[in-house]
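Structure assessment
Okay, here's what each chain looks like letter by letter:
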Amino acid sequence: QVQLVESGGGLVQAGGSLRLSCAASGRTFSIVTVAWFCQAPGKEREFVAAIRWSGITTYYADSVKGRFTISRDNAKNTVYLQMNSLKPEDTAVYYCAADRAYTESYDSTYKYDYWGQGTQVTVSS
């Protein structure tokens, strides 16, 4: 099993920044990809960004390219999401997810086996 714990959410004004953290524990050696998804009230969970556990390859949703950066700290088994130039439409609960088998896919919720509890991000206008 893998446990994921998110932190770093909060309230920020438009144009501001936040850094989310996803700390992984347990059988971390089995992880292939870690991703961030977000879910706003009344909407489906959406892909934000993903990183292969090797830390080399990253993927982003078009809506966050150039504003968000996903990275990994090997020593801490932690994945970060640096969020800059935040917009009110970024307001959502952000979830960290991890899989245990390699596939070409990276942006589908069905791919991921483990999920964190989520952290709220609120961007005021």
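Details of the structure are given in the entry above.
Notes on the structure follow. (Residues numbered from 1 in each chain as written. Predicted model: local features only at pLDDT ≥ 70, side-chain atom pairs only at ≥ 80, totals over all residues. Heavy atoms only, no water.)

1. Examining the state of the cysteines
What makes a disulfide is a covalent bond joining the sulfur atoms belonging to two cysteines. With the rule as written, the count across this model stands at one disulfide. What pairs with C22 in a disulfide is C96, and their sulfur atoms sit 1.9 Å apart. Between C22 and C96 the disulfide shows an S-S torsion of about -70°. By sign, it is left-handed. One end of the pair, C22, is in strand β3 (residues 18–26); the other, C96, is in strand β9 (residues 92–98), and 74 residues separate them in sequence. (Disulfide = S-S within 2.5 Å. Helix = DSSP H or I, 4+ residues; strand = E, 2+ residues; numbered from the N terminus.)

2. Section: the pairing of strand β1 (residues 2–7)
Burial of β1 is one-sided: the residues V2, L4 and E6 facing one way are buried, the residues Q3, V5 and S7 facing the other way are not. As defined by bridge partners, β1 adjoins β3 across six bridges and the pair is classed as antiparallel. Opposite V5, over in β3, you have A23 as the bridge partner. (Buried < 20%, exposed > 50% of the residue type's maximum accessible area, 1.4 Å probe, protein only. Pairing = 2+ DSSP bridges.)

3. Looking at the pattern of salt bridges
A complete count under the given rule lists four salt bridges for this structure. As a salt-bridge pair, R67 and D90 come within 2.8 Å of each other at their nearest N and O atoms. Note that R67 is positioned in the loop between β6 (58–60) and β7 (68–73) and D90 in the loop between β8 (78–83) and β9, a separation of 23 residues in sequence. A single burial state applies to R67 and to D90, both of which are buried. (Salt bridge = Lys/Arg side-chain N within 4 Å of Asp/Glu carboxyl O.)

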